[in-house]
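Inside the fold
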Amino acid sequence: MSIDSVFKEIGVNCPYKAARHLGIRISGPEDMGCVVGAYIETLPGMYHIMLNAKVDLETQERACYELVKRHISHKGISVALNEDELNTTIKIRHRSIFKLFRPAEDQA
C-alpha cells in the first residue's frame, strides 16, 4: 500500500482525509515547540497525528502527508518532525522524482 493508492481509493489527494480513512486521529495542539508534526500509537491499534497549530497551514499539510506515509510504511513507530527534517524529506523526494524524468544520458 502507498499513499497514492489511498488517495486513489478515497478519490482525492488530501492527506487529512487519507489519515482519517486509515483510522488516524488528527489534532492541532499549540504547545509543540519546534515540532511541526508527530505520529504516535496512543493505545494498541489507535494512531494519532498531532500538527502544530502555530505553524502555517501549508507546513501542517506537508507534515500530515509525511506522517501518513510514515504510518503506511512503519505503522505504530512514533516519530516527530521539526521543520528542518520536514524540508529534508521533501527535498529527497523531489530529487528522486527529477531523476525519474531526466534523460538517460544525463544520469550517467
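Structure: see above.
These lines cover the structure that appears in this document, whether it is placed above or below. Source: prediction; values computed, not measured.

The rules behind these values
- Residues numbered from 1 in each chain as written.
- Predicted model: local features only at pLDDT ≥ 70, side-chain atom pairs only at ≥ 80, totals over all residues.
- Heavy atoms only, no water.
- Helix = DSSP H or I, 4+ residues; strand = E, 2+ residues; numbered from the N terminus.
- Buried < 20%, exposed > 50% of the residue type's maximum accessible area, 1.4 Å probe, protein only.
- Areas by Shrake-Rupley, 256 points an atom, 1.4 Å probe, with all protein chains shown as cover.
- Pairing = 2+ DSSP bridges.
- Axes fitted to C-alpha atoms, helices over the stretch in contact; angles between N-to-C directions.
- Contact = heavy atoms within 4.5 Å.
- Parallel < 35°, antiparallel > 145°, perpendicular 65-115°, else oblique.
- Nonpolar A, V, L, I, M, F, W, Y, C, P; charged D, E, K, R; others polar.
- Patch = residues over 30% accessible without salt bridge, like charges linked within 9 Å, V, L, I, M, F, W, Y side chains within 5 Å.
- Salt bridge = Lys/Arg side-chain N within 4 Å of Asp/Glu carboxyl O.
- Lys, Arg positive; Asp, Glu negative; His and termini not counted.
- Charge placed at Lys NZ, Arg CZ, Asp CG, Glu CD.

Let's talk about the overall build of the protein
Helix and strand content of the protein: 5 helices and 4 strands. Classification of the 108 residues of the protein by burial places 29% in the buried group. With the model as given, the accessible surface of the protein reaches about 6,900 Å², and the carbon-plus-sulfur share is 54%.

Let's talk about the sheet that holds strand β4 (residues 79-82)
Strand order in the open sheet formed by 4 strands is β1-β3-β2-β4, with mixed pairing between adjacent strands. The open sheet is flanked by β1 (24-27) and β4, the only strands paired with a single partner. The sheet shows a mean angle of 15° between the axes of neighbouring strands, direction not considered. Pairing of strand β2 (residues 35-43) with β4 involves 4 bridges; the strand directions are antiparallel. In the sheet register, Ala-38 faces β4, and the bridge partner there is Ala-80.

Regarding the environment of Leu-81
Here Leu-81 shows up in strand β4. Taking C-alpha positions, Leu-81 is 9.1 Å from Glu-66, a pair spaced 15 residues apart along the chain. Leaving out residues up to four positions away in the same chain, Leu-81 has contacts with Cys-34, Val-35, Val-36, Gly-37, Glu-66, Leu-67 and Leu-86.

Regarding the environment of His-71
Tracing the sequence through the fold places His-71 in helix α3 (residues 57-73). His-71 sits 22 residues away from Ile-49 along the chain, and the two C-alpha atoms are 9.5 Å apart.

With respect to the packing of helix α1 (residues 3-10) against α3
Each pair of packed helices can be summarised by the angle the axes make with each other and by the distance between the axes. Direction vectors running N to C along α1 and α3 enclose 105°, while the axes themselves pass 10 Å from each other. When the axes of α1 and α3 are compared, the pair comes out roughly perpendicular. Contacts from Ile-3, Val-6 and Phe-7 in α1 reach Tyr-65, Val-68, Lys-69 and Ile-72 in α3. Looking at the contact of α1 with α3, its residues break down into 6 nonpolar, no polar and 1 charged.

Observations regarding a negative patch on the surface
Where like charges cluster on the molecular surface, the negative patch consists of Asp-56, Glu-58, Glu-61, Glu-83, Asp-84 and Glu-85. Taken together, the elements giving at least two residues each to the negative patch come down to α3 and α4 (83-101). Of all the elements, α4 adds the most residues to the negative patch, at 3 residues. Assignment of secondary structure puts Glu-58 in helix α3.

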